[in-house]
Amino acid sequence: MALMRSWAVGILVLVVTEYVQIRVVYDNLVGPDGVGSFGAALAFVHVPNLLCVVLATWAAARVHPQPWRQVPARHVAAACAVPAAGQLLTVSLRPELVSVSSLALWMSTGVLLAGCSMGLLLDKWWEGREA
């Protein structure tokens with residue numbers, strides 16, 4: 001039950017932040033043709049995605065209760081499962097990203113790993129503040 005609660009919060013935060021990102025960034029700055037350069041992709045796609053993953057990971061980690069927070073494997077699973085599932089869903093829905101030589105696949109995987117790491121670090125920092 002503790003994992004499901006964390007995953008539910010992670011899903012909610014990821015969906016809301018991605019929706020805001022689509023409405024604010026993609027609709028107003030990127031447009032239907034996509035981005036034209038690596039810098040634009042980094043600024044308008046990957047950095048906002050990083051923020052979404054960090055927030056979803058952090059939120060899921062924050063609601064994961066004791067004593068399961070002290071078990072590293074369970075805590076990581078509670079915090080990072082939703083962003084990882086989102087990555088798998090994105091890759092399955094966009095087959096052009098599946099190629100190992102695709103820069104978009106490597107960038108989005110890097111964003112996933114960095115975002116989960118930063119979300120877990122933010123959770124540890126926040127937990128230290130409360131103690």
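Everything here concerns the structure above.
The text that follows walks through the structure, step by step, so that each part is easy to find. (Residues numbered from 1 in each chain as written. Predicted model: local features only at pLDDT ≥ 70, side-chain atom pairs only at ≥ 80, totals over all residues. Heavy atoms only, no water.)

### As for the pattern of salt bridges
Put simply, the rule reads: Within this document, salt bridges are pairs made up of a side-chain nitrogen of Lys or Arg and a carboxyl oxygen of Asp or Glu, the two lying within 4 Å of each other. Counting from the N terminus, the helices are DSSP H or I runs at least four residues long and the strands are E runs at least two residues long. Burial classes: relative accessible area under 20% of the type maximum marks a residue as buried, over 50% as exposed, and values in between as partly exposed (1.4 Å probe, protein chains only).
Summed over the entire model, instances satisfying the criterion amount to 3 salt bridges. A salt bridge links D123 to R62; the shortest N-O distance between them is 2.7 Å. Of the two residues, D123 is situated in helix α4 (residues 103-130) and R62 in helix α2 (residues 38-63); the sequence distance between them amounts to 61 residues. Assessed through its relative accessible area of 1%, D123 is described here as buried.

### Structural notes on the packing of α2 against α4
Rules: Between the N-to-C directions of two axes lies an angle of 0 to 180 degrees, each axis being a line fitted to C-alpha atoms and, for a helix, fitted only over the stretch in contact. Roughly parallel means an angle under 35 degrees; roughly antiparallel, over 145; roughly perpendicular, 65 to 115; everything else is oblique. Note on convention: near helix rotated counterclockwise from far helix by under a right angle means a left-handed crossing. Clockwise means right-handed. In this classification, the charged set is Asp, Glu, Lys and Arg, the nonpolar set is Ala, Val, Leu, Ile, Met, Phe, Trp, Tyr, Cys and Pro, and all remaining amino acids, among them Gly, are polar.
In the contact formed by α2 and α4, the axes pass within 7 Å of each other and the chain directions differ by 40 degrees. It follows that α2 is oblique to α4 by the angle criterion. Note that α2 runs across α4; the crossing there is right-handed. Residue classes in the contact of α2 with α4 are distributed as 18 nonpolar, 6 polar and 4 charged.

### A word on the nonpolar core
Rules: Only buried residues count toward a nonpolar core, which is a set of Ala, Val, Leu, Ile, Met, Phe, Trp, Tyr and Cys residues joined through side-chain atoms within 4.5 Å. By the convention used here, residues are in contact when the closest approach between their heavy atoms is within 4.5 Å.
The biggest cluster of nonpolar side chains holds 7 residues, and these are V53, A61, A79, C80, L112, C116 and L120. Of all the elements in the fold, those that place two or more residues in this core are α2, α3 (72-93) and α4. Take this core: its biggest share by element is 3 residues, from α4. Discounting chain neighbours no more than four positions away, the residues touching L120 are T57, H75, V76, A79 and C80.

### As for the environment of A81
With respect to the element layout, A81 can be found in helix α3. A sequence separation of 21 residues divides A81 from A60, and the C-alpha atoms of the two residues are 9.2 Å apart. When neighbours within four sequence positions are excluded, A81 is seen to be in contact with W7 and V76.

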